[in-house]
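# Observations on the three-dimensional arrangement
The residues making up each chain are set out below.
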Amino acid sequence: MSNADLGARIERLKNKPCNKTCFDCGERGTTYVSMKFGTFICSRCAGLLRELNYKVKGTGVSIFKPNEVEFLESMGNDKAKTIWMAKFKPDRDSLPSSKNSEDVKRFLIDKYTDKKYYRKPKKTEDDSKKSKKKKQEVEEDEEEDDEEEEEEEDKKKKKKPKKSKKEESDDE
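### Structural notes on the nonpolar core
Formed by 26 residues in total, the largest nonpolar core has its most connected members in Phe 23, Ile 41, Cys 45, Leu 49, Trp 84, Leu 108 and Tyr 112. Among the elements of the structure, helix 2 (43–51), helix 4 (76–84) and helix 5 (101–113) are those that each provide at least two residues to this core. Of the residues forming this core, the biggest block, 5 residues, is contributed by helix 5. Once residues within four sequence positions are removed from consideration, Phe 23 is found in contact with Thr 39, Phe 40, Ile 41, Asn 77, Ala 80, Lys 81, Trp 84, Met 85, Lys 111 and Tyr 112.

Quick look at the structure:
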């Protein structure tokens, strides 16, 4: 499948009504996806999730692999809500102000790290096998991406010329 075909599938998913608002803060306009949670998010929440070491991809600039698109098709904001916000009670809990990044970050930690509102999804045996395989493939791809990034960093470090002892003593 071509990158253009995969990109078109992502665009169709992004344009579903449930995916037009950020899963994490409710702002309109989703330009990123969380690859761990299968959700569509805004640029600010993408940055906050990166700070928490979650992988995100830009919907318009990233290259997606077929298994990543399949995972996003199997999730999306509506389904993620039944998992990650299942125990959220509006009369007891409150959503953060989308204008306050610190409040949103605290909410993300509550939601994803502490799993405060999480409920394990009920699955059929067939769903479980498919979902487990897709999740494993996405995680393997993330590990490959991390290894590639580390290799790039190593190459950059090797390209820097080493200072001679004289240059080092001149710096002091």
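### Re a positive patch on the surface
A cluster of basic side chains, namely Lys 87, Lys 89, Arg 119 and Lys 122, defines a positive patch on the protein surface. Tracing the backbone through its elements, the reader meets Lys 122 in the loop between helix 5 and helix 6 (125–159).

### Observations regarding the pattern of salt bridges
Counted under the stated rule, the structure contains 8 salt bridges. We note a salt bridge from Asp 93 to Arg 92, for which the minimum N-O separation is 2.8 Å. Residue class for Arg 92 comes out exposed when judged on its relative accessible area of 57%. Where Arg 106 meets Asp 114, a salt bridge forms, and the shortest distance between an N and an O atom there is 3.3 Å.

### Digging into the environment of Ile 41
As for its position among the elements, Ile 41 is in strand 2 (residues 39–41). A residue is classified by how much of its surface remains accessible, and Ile 41, at 0% relative accessible area, is buried. In sequence terms Ile 41 and Thr 30 are 11 residues apart; their C-alpha atoms lie 4.9 Å from each other. Every residue in contact with Ile 41, bar those within four places of it in the chain, is listed here: Cys 22, Phe 23, Asp 24, Thr 30, Thr 31, Tyr 32, Val 33, Ser 34, Ala 46, Leu 49 and Val 56.

Scoring rules and cut-offs
- Residues numbered from 1 in each chain as written.
- Predicted model: local features only at pLDDT ≥ 70, side-chain atom pairs only at ≥ 80, totals over all residues.
- Heavy atoms only, no water.
- Core = buried A, V, L, I, M, F, W, Y, C linked by side-chain atoms within 4.5 Å.
- Buried < 20%, exposed > 50% of the residue type's maximum accessible area, 1.4 Å probe, protein only.
- Helix = DSSP H or I, 4+ residues; strand = E, 2+ residues; numbered from the N terminus.
- Contact = heavy atoms within 4.5 Å.
- Patch = residues over 30% accessible without salt bridge, like charges linked within 9 Å, V, L, I, M, F, W, Y side chains within 5 Å.
- Areas by Shrake-Rupley, 256 points an atom, 1.4 Å probe, with all protein chains shown as cover.
- Salt bridge = Lys/Arg side-chain N within 4 Å of Asp/Glu carboxyl O.
- Lys, Arg positive; Asp, Glu negative; His and termini not counted.
- Charge placed at Lys NZ, Arg CZ, Asp CG, Glu CD.

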